[in-house]
Amino acid sequence: MCRNCMVLPYVRIWSDKCSSKYGRRRPFILAGSLMISVAVTIIGFSADIGYLLGDADEDHRNFKGT
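J.: What is the right way to look at the overall build of the protein chain in this model?
T.: On a plain count of helices and strands, the protein chain comes out with three helices and zero strands. Considering the protein chain as a whole, with its 66 residues, one finds that 6% of them fall into the buried category. Per element, the accessible surface of the protein chain, about 6300 Å² overall, is 63% carbon and sulfur.

Written out as C-alpha coordinates, the structure reads:
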(Lines give C-alpha, C1' and ligand atoms only; values in the text may rest on other atoms or scores of the structure.)
Protein backbone atom coordinates (compact mmCIF):
# COMPACT_ATOMS: atom_id res chain seq x y z
CA MET A 1 0.00 0.00 0.00
CA CYS A 2 2.78 2.41 0.88
CA ARG A 3 4.52 1.48 -2.37
CA ASN A 4 1.47 2.74 -4.26
CA CYS A 5 1.72 6.04 -2.42
CA MET A 6 5.26 6.42 -3.72
CA VAL A 7 4.73 5.12 -7.27
CA LEU A 8 1.38 6.62 -8.23
CA PRO A 9 2.49 10.27 -8.25
CA TYR A 10 5.22 9.41 -10.75
CA VAL A 11 2.79 7.46 -12.95
CA ARG A 12 0.37 10.38 -12.83
CA ILE A 13 3.08 12.82 -13.89
CA TRP A 14 4.14 10.45 -16.68
CA SER A 15 0.55 10.04 -17.87
CA ASP A 16 -0.05 13.80 -17.80
CA LYS A 17 2.93 14.26 -20.14
CA CYS A 18 1.84 11.41 -22.44
CA SER A 19 0.75 12.54 -25.90
CA SER A 20 -0.48 9.27 -27.37
CA LYS A 21 -3.03 9.25 -30.16
CA TYR A 22 -5.21 7.19 -27.78
CA GLY A 23 -5.22 9.89 -25.12
CA ARG A 24 -3.34 10.47 -21.90
CA ARG A 25 -4.94 7.81 -19.71
CA ARG A 26 -6.01 4.95 -22.00
CA PRO A 27 -2.52 3.47 -22.57
CA PHE A 28 -1.95 3.37 -18.81
CA ILE A 29 -5.36 1.83 -18.16
CA LEU A 30 -4.67 -0.83 -20.79
CA ALA A 31 -1.21 -1.61 -19.42
CA GLY A 32 -2.53 -1.78 -15.86
CA SER A 33 -5.38 -4.06 -16.89
CA LEU A 34 -3.00 -6.43 -18.66
CA MET A 35 -0.66 -6.56 -15.65
CA ILE A 36 -3.56 -7.27 -13.29
CA SER A 37 -4.83 -10.04 -15.62
CA VAL A 38 -1.41 -11.69 -15.63
CA ALA A 39 -1.11 -11.37 -11.84
CA VAL A 40 -4.54 -12.94 -11.24
CA THR A 41 -3.69 -15.79 -13.59
CA ILE A 42 -0.41 -16.41 -11.78
CA ILE A 43 -2.20 -16.38 -8.43
CA GLY A 44 -4.69 -18.93 -9.75
CA PHE A 45 -1.91 -21.30 -10.76
CA SER A 46 0.39 -20.57 -7.82
CA ALA A 47 0.20 -24.11 -6.40
CA ASP A 48 1.07 -25.63 -9.77
CA ILE A 49 3.88 -23.12 -10.33
CA GLY A 50 5.28 -23.91 -6.89
CA TYR A 51 5.16 -27.61 -7.66
CA LEU A 52 6.98 -27.08 -10.95
CA LEU A 53 9.63 -24.99 -9.19
CA GLY A 54 10.40 -27.75 -6.72
CA ASP A 55 8.06 -27.59 -3.74
CA ALA A 56 8.26 -30.71 -1.60
CA ASP A 57 5.50 -33.29 -2.00
CA GLU A 58 4.12 -32.62 1.49
CA ASP A 59 3.74 -28.91 0.71
CA HIS A 60 1.05 -29.33 -1.97
CA ARG A 61 -2.19 -31.24 -2.25
CA ASN A 62 -2.52 -32.50 -5.81
CA PHE A 63 -1.01 -31.28 -9.05
CA LYS A 64 -4.02 -30.22 -11.15
CA GLY A 65 -2.34 -28.37 -14.00
CA THR A 66 -2.07 -29.45 -17.56
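That was the structure; now back to the text.
J.: Sorry, what's going on with the packing of aromatic side chains here?
T.: Counted according to the given criterion, the structure contains one aromatic pair. Consider the rings of tryptophan 14 and phenylalanine 28, whose centres lie 5.2 Å apart with planes at 80°: the pair is edge-to-face. Pair noted here: tryptophan 14 is in helix H1 (residues 2-17) and phenylalanine 28 is in helix H2 (residues 26-44), with a separation of 14 residues, a long-range link. Overall, tryptophan 14 belongs to the exposed group, its relative accessible area being 60%.

J.: What is the right way to read the pattern of salt bridges from this model?
T.: Should their charged atoms come close, side chains of opposite charge can pair. Here the structure, examined in full by the defined rule, presents two salt bridges. Between arginine 24 and aspartate 16 there is a salt bridge, and its shortest N-O distance comes to 4.0 Å. You can call arginine 24 partly exposed: its relative accessible area is 46%. A relative accessible area of 40% means that aspartate 16 is categorised as partly exposed. For aspartate 16, the salt bridge goes to arginine 25, with nearest N and O atoms at 3.1 Å. Look at arginine 25 and you get partly exposed, because its relative accessible area is 43%. Bridged by salt links that share partners, the residues Asp16, Arg24 and Arg25 form one connected network.

Quick notes on the rules
Residues numbered from 1 in each chain as written. Predicted model: local features only at pLDDT ≥ 70, side-chain atom pairs only at ≥ 80, totals over all residues. Heavy atoms only, no water. Helix = DSSP H or I, 4+ residues; strand = E, 2+ residues; numbered from the N terminus. Buried < 20%, exposed > 50% of the residue type's maximum accessible area, 1.4 Å probe, protein only. Areas by Shrake-Rupley, 256 points an atom, 1.4 Å probe, with all protein chains shown as cover. Phe/Tyr/Trp six-rings, centres within 6.5 Å; stacked < 30°, edge-to-face > 60°. Salt bridge = Lys/Arg side-chain N within 4 Å of Asp/Glu carboxyl O.

These figures capture arrangement, not role.
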